[in-house]
Amino acid sequence: MFFVETAMGVRLHSQTHSDTPYVRSLNAVSRNAMKRMHQPWWWKSSLYYRFSARGRQEQADLAVLRAFSRGVIAERKAEAEVGGKGFETKMIENKKENEDHFCNTKQRTSFLDNLLRQHFEQPHLWTDSALQEEVETFMAAGHETSALTMTTALLLLANNPKVQEKLHAELDAFWAEEGLENHPNLTSVQIKKLKYLEAVVKETLRLFPAVPLIGRSLSSDLTVTSKDSKLKHLIPAGSTVLVTIYQLHRDPSVWPSPERFIPERFIDDGNEHYVRLENPFAYVPFAAGARNCVGQKFALQEAKILLATVLRHYRLEAVTRVEELVLRSELTLRTSGDIRARFVPRF
């Protein structure tokens, strides 16, 4: 829940309290969304929410999620009343990027703080309902996606010791060059220098995108042609199409040996594995276009910082094998059963 804490300024404690009403309801909504997708007789909402027990339960779960997001907004507003100065006045007057608006200490403001400032500066554009929709989107999107990426990255590294050794070498050289032994906190500028680490994260997202499929509504007719150009199929405008990112990233015509974990695919240094994408939409772990993931830069930086910190201090040994994974697709890509690895201190 690092993403939610950073973006919203609240802690959900989902790692230690996984059965809270919010987490429980969010997981239920995720499961039901995928089940409903495979049952076209429930696609009509008026039928689903009235005649389906699962639909009625989903309404209750959605009420829990919406009440929580309203509470997050209300709590943040209440915190702003410290010192007797109104929230609206404080947020508009104080716009320094690194100054906390609720106390006089220097720290970065959350995404929610910036949303609230926009809400008061432009109330006709940022209405209460618009503000809540943004909060709900961020809360849902940041629920577990980063944790899933971290988990699969650690699993892949544990199962690929040569890749892990190469990453350890990069991290050791980087720590010495940057003098981080006594200053362990990484900055955004420093993390950009870790090119192999970035490739590891990108290859992890190729194999295990946190969101395995996305939906799009066609604004115009689309003709889909087979690879041999013998078959054509017209999909009319207004149709909803699903893009299975998990399968897209395993297209052997784009990714040779697609099931193998090869971070060098993303490093343009003349190595034999580098893949120069002719079509940028062949790799879309955060979707693409106007509806792509607004938090993708944050997610990549978060994953790199966490992995660098863990791999600097530990060597991973495989307990769970990649081939043993049983995947289940909900709104996010999950596994059945635990994923285990052995952490061995390096120093």
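Residues numbered from 1 in each chain as written. Predicted model: local features only at pLDDT ≥ 70, side-chain atom pairs only at ≥ 80, totals over all residues. Heavy atoms only, no water.

Engineer: Could you give me a rundown of the overall build of the protein, with the residues and numbers involved?
Structural biologist: Of the regular secondary structure elements, the protein holds 13 helices and 8 strands. For the protein, with 347 residues in total, the buried portion stands at 41%. Of the roughly 20,000 Å² of accessible surface on the protein, a fraction of 54% belongs to carbon and sulfur atoms. (Helix = DSSP H or I, 4+ residues; strand = E, 2+ residues; numbered from the N terminus. Buried < 20%, exposed > 50% of the residue type's maximum accessible area, 1.4 Å probe, protein only. Areas by Shrake-Rupley, 256 points an atom, 1.4 Å probe, with all protein chains shown as cover.)

Engineer: Got a sec to walk through the packing of aromatic side chains? Specific residues and values, please.
Structural biologist: Summed over all chains, the structure comprises 8 aromatic pairs. Measuring from centroid to centroid gives 5.1 Å for tyrosine 48 and tyrosine 49, while their planes differ by 65°, and the two rings are edge-to-face. Of the residues examined, tyrosine 48 reaches a relative accessible area of 0% and is grouped as buried. Centre to centre, the rings of phenylalanine 174 and tryptophan 175 are 6.0 Å apart; their planes meet at 75°, and the pair counts as edge-to-face. For the residue pair phenylalanine 174 and tryptophan 175, the accessibility class agrees, reading buried in each case. (Phe/Tyr/Trp six-rings, centres within 6.5 Å; stacked < 30°, edge-to-face > 60°.)

Engineer: For the nonpolar core, give the residues involved together with the corresponding values.
Structural biologist: Ranked by size, the top nonpolar core spans 40 residues in total, and within it Leu157, Leu167, Leu307, Ala308 and Leu311 carry the most contacts. At the level of secondary structure, the elements contributing two or more residues to this core comprise helix H8 (145–159), helix H9 (161–178), helix H11 (195–207) and helix H13 (296–313). Those residues in contact with alanine 308, other than ones at most four positions away along the chain, are Leu171, Trp175, Leu186, Ile191, Leu194 and Leu197. (Core = buried A, V, L, I, M, F, W, Y, C linked by side-chain atoms within 4.5 Å. Contact = heavy atoms within 4.5 Å.)

Engineer: Go over the confidence of the model for the protein, please, and point to the residues and values.
Structural biologist: Confidence in the prediction of the protein, expressed as mean pLDDT, is 84, and 85% of residues score 70 or more. Here helix H5 (residues 87–93) stands out as the element of the protein with the lowest mean pLDDT, 51, in contrast to H11, whose mean of 97 is the highest. Across residues 95–106, where pLDDT falls below 50, the model places 32 contacts with residues more than four positions away in sequence or in other chains. (pLDDT = per-residue confidence, 0-100.)

Engineer: Describe H13, with residues and values.
Structural biologist: In this model H13 runs 26 Å from its N-terminal to its C-terminal C-alpha over 18 residues, within 8% of the 26 Å that 1.5 Å per residue would give. Along H13, the residues classified as buried are Ala299, Glu302, Ala303, Lys304, Leu307, Ala308, Leu311 and Arg312. (Expected span 1.5 Å × (residues − 1).)

Engineer: Tell me about the packing of helix H4 (residues 53–79) against helix H6 (residues 111–121), residues and numbers included.
Structural biologist: At their nearest, the axes of H4 and H6 sit 11 Å apart, and the two run at 80° to each other. Considering the angle they form, H4 stands roughly perpendicular to H6. Contacts between H4 and H6 pair Val72, Ile73, Arg76 and Lys77 from the former with Leu112, Asp113, Leu116, His119 and Phe120 from the latter. The class makeup of the residues in the contact of H4 with H6 is 5 nonpolar, 1 polar and 3 charged. (Axes fitted to C-alpha atoms, helices over the stretch in contact; angles between N-to-C directions. Parallel < 35°, antiparallel > 145°, perpendicular 65-115°, else oblique. Nonpolar A, V, L, I, M, F, W, Y, C, P; charged D, E, K, R; others polar.)

Engineer: Help me get a handle on the packing of H4 against helix H7 (residues 128–141), residues and values and all.
Structural biologist: Put simply, H4 and H7 touch, their axes get as near as 9 Å, and they point 110° apart. Viewed along their axes, H4 and H7 adopt a mutual orientation that is roughly perpendicular. Considering only the axes of H4 and H7, their crossing is right-handed. Here Arg66, Phe68, Ser69, Arg70, Val72 and Ile73 of H4 lie close against H7, whose contacting residues are Leu131, Gln132, Val135, Glu136 and Met139. Tallied by class, the residues present in the contact of H4 with H7 amount to 6 nonpolar, 2 polar and 3 charged. (Left-handed = near helix turned anticlockwise from the far one by under 90°.)

Engineer: Can you tell me about H11, naming the residues and giving the values?
Structural biologist: For H11, which comprises 13 residues, the first-to-last C-alpha distance of 19 Å matches the rise-based estimate of 18 Å (1.5 Å per residue) to within 8%. Across the 13 residues that make up H11, a large majority, 10, are buried. Residues of H11 that are buried: Tyr196, Leu197, Ala199, Val200, Val201, Glu203, Thr204, Leu205, Arg206 and Leu207. Tucked inside the fold, the buried residues of H11 contact H8, H9, helix H10 (188–191), helix H12 (245–248) and H13.

Engineer: Residue-level account of unusual backbone geometry, with values.
Structural biologist: The backbone of serine 257 sits at a positive phi, close to 50°, despite the residue not being glycine. By relative accessible area, serine 257 is classed as partly exposed at 41%. Of note, the phi angle at alanine 287 is positive, near 65°, even though the residue is not glycine. Following the sequence through the fold, alanine 287 ends up in the loop between H12 and H13.

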